[in-house]
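# Topology and contacts: notes
Each chain is listed here by its residues.
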Amino acid sequence: HAGKEVDPVQAAEQLKQALEWQDTLTRLDDGAIALLYNIRQEDVSAQCVYASTGATAEEVAVFTATDDEAVERILQAAQARVTELRSGFENYVPQEMQKLANPVLCVRGNTVILCIHSDNERALEEIDALFQ
């Protein structure tokens, strides 16, 4: 794979700092990530997730996949996470559905990034900056 590898911890931290969030994002431990994302341990060599308090759908997740097939499985897991958030927020906080309608979910090399934020364009700019 061409492209720069990034450290998920630094990447997630960078996105957390560079973007303006409505909510307080807290770094999850591996156990909590496993519960939310249901990713097989052997698919990930490194990961970092910042989740919101639950008042908003805001979230940043960065995973380094072990290979191309793992990338696909992590993408599916991230999509499932978004679907789950949608069903949670639909009736609870309808204004969060805007963030969940089309969140940033992208692959750069072996890195999978999910960024649920109110400004996708800005989030993508920051993600691109990480890989420059």
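See the structure above.
In this text, all values refer to a predicted model and were calculated from it rather than measured experimentally. (Residues numbered from 1 in each chain as written. Predicted model: local features only at pLDDT ≥ 70, side-chain atom pairs only at ≥ 80, totals over all residues. Heavy atoms only, no water.)

Here we come to the overall build of the protein. Across its full length, the protein carries 5 helices and 5 strands. Expected size for 132 residues packed as a compact globule is a radius of gyration near 14 Å; at 14 Å, the protein falls within 12% of this value. If you line up the protein on its principal axes, its C-alpha atoms span 40 × 30 × 25 Å. Accessible surface computed for the protein: about 6,900 Å², of which carbon and sulfur atoms make up 45%. For the protein, the distance from the average position of its 10 positive side-chain charges to the average position of its 23 negative side-chain charges is 1 Å. (Helix = DSSP H or I, 4+ residues; strand = E, 2+ residues; numbered from the N terminus. Rg over C-alpha atoms; globule rule 2.2 N^0.38 Å. Areas by Shrake-Rupley, 256 points an atom, 1.4 Å probe, with all protein chains shown as cover. Lys, Arg positive; Asp, Glu negative; His and termini not counted. Charge placed at Lys NZ, Arg CZ, Asp CG, Glu CD.)

With that settled, the discussion passes to helix 1 (residues 8-18). Since there are 3.6 residues in each turn of an α-helix, residues three or four apart along the chain are aligned in direction. When we look at burial in helix 1, the residues that qualify are Pro8, Ala11, Ala12 and Leu15. Each buried residue of helix 1 sits inside an arc of 95° when the element is viewed along its axis, so together they form one side. Turned more than 90 degrees from where helix 1 packs its buried face, Gln10 and Gln17 sit exposed. Looking at the buried side of helix 1, the elements it contacts are strand 2 (44-51), strand 3 (59-65), strand 5 (111-116) and helix 5 (120-130). The opening residue of helix 1, the one whose side-chain oxygen lies 3.1 Å from the backbone nitrogen of valine 9, is aspartate 7. (Buried < 20%, exposed > 50% of the residue type's maximum accessible area, 1.4 Å probe, protein only. Arc of directions from axis to C-beta. Contact = heavy atoms within 4.5 Å. Polar contact = N/O pair within 3.5 Å; in protein donor to acceptor, adjacent residues only side chain to side chain.)

The subject of this paragraph is the nonpolar core. Core analysis: the biggest nonpolar cluster contains 25 residues, and Tyr37 and Phe63 have the highest contact counts within it. For this core, the secondary-structure elements that each account for two or more residues are helix 2 (30-37), strand 2, strand 3, helix 3 (68-89) and strand 5. Setting aside residues up to four positions removed in sequence, tyrosine 37 forms contacts with Val49, Glu59, Ala61, Phe63, Ala77, Ala78, Arg81 and Leu114. Formed by 19 residues, the second largest nonpolar core is a distinct cluster that contains Leu15, Trp21, Leu25 and Tyr50. (Core = buried A, V, L, I, M, F, W, Y, C linked by side-chain atoms within 4.5 Å.)

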